[in-house]
Amino acid sequence: MNQDQKKYVCAICGDKFQMSNGIYDGEYISRYQIQVCRICYSSNYDGWGPAADEILVSHIKAKGLPIPARNAKGWLPRA
């Protein structure tokens, strides 16, 4: 691995992804102060589904962040 590559671990699925050298395979979500891979981000365009809910709520509480209002499906907003 090149020294300049920045690898992150997705907070939702645990996969590693690159965020440097012109390859940006993830998203930083400032509302949650969290990094997620592009697959998880893209797959949850209409809100964070039940599989991600427990992970996100635990993370939000640990960071002392406010839990955002849920959408019509009862899911947390993606961004």
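To keep things clear, this report deals only with the structure shown in the data block. (Residues numbered from 1 in each chain as written. Predicted model: local features only at pLDDT ≥ 70, side-chain atom pairs only at ≥ 80, totals over all residues. Heavy atoms only, no water.)

To continue, consider the pattern of salt bridges. Counted under the stated rule, the structure contains three salt bridges. Here Arg38 and Glu27 are joined by a salt bridge, their closest N and O atoms 3.0 Å apart. With Arg38 in helix H1 (residues 38–43) and Glu27 in strand E4 (residues 26–29), this pair connects stretches of sequence that are 11 residues apart. Residue classification places Arg38 among the partly exposed residues on the basis of a relative accessible area of 34%. Residue Arg70 is joined to Asp53 by a salt bridge in which the shortest nitrogen-to-oxygen separation is 2.6 Å. Of this pair, Arg70 sits in the segment after helix H2 (50–63) while Asp53 sits in helix H2, and the two are 17 residues apart along the sequence. Its relative accessible area of 38% is what places Arg70 among the partly exposed residues. (Salt bridge = Lys/Arg side-chain N within 4 Å of Asp/Glu carboxyl O. Helix = DSSP H or I, 4+ residues; strand = E, 2+ residues; numbered from the N terminus. Buried < 20%, exposed > 50% of the residue type's maximum accessible area, 1.4 Å probe, protein only.)

The sheet contact formed by E4 and strand E5 (residues 34–37) spans four bridges and is antiparallel. Each bridged residue has a counterpart across the sheet, and for Ile29 the counterpart in E5 is Ile34. Here E4 folds back onto E5 in antiparallel fashion, the turn holding four residues, of which Gln33 has a positive phi close to 50°. (Pairing = 2+ DSSP bridges.)

Another point: the sheet that holds strand E1 (residues 7–9). Sheet architecture is open: three strands sit in the order E1-E2-E3, paired in antiparallel fashion. The two strands at the open ends of the sheet, each matched to only one other strand, are E1 and strand E3 (23–24). Bridge analysis of strand E2 (residues 16–20) against E3 gives two bridges, and the strand direction is antiparallel. Directly across from Ser20, in E3, lies its bridge partner Ile23.

As a further point, take H2. The terminal C-alpha atoms of H2, which comprises 14 residues, lie 20 Å apart, in line with the 20 Å expected from a rise of 1.5 Å per residue. Taken together, the buried residues of H2 touch E5. Immediately downstream of H2, the backbone of Gly64 shows phi near 75°, a positive value. (Expected span 1.5 Å × (residues − 1). Contact = heavy atoms within 4.5 Å.)

Glancing now at the environment of Gln35. Within the element layout of this structure, Gln35 appears in strand E5. What makes Gln35 buried here is its relative accessible area of 19%. Between the alpha carbons of Gln35 and Gly22 there is a distance of 17 Å; along the sequence they are 13 residues apart.

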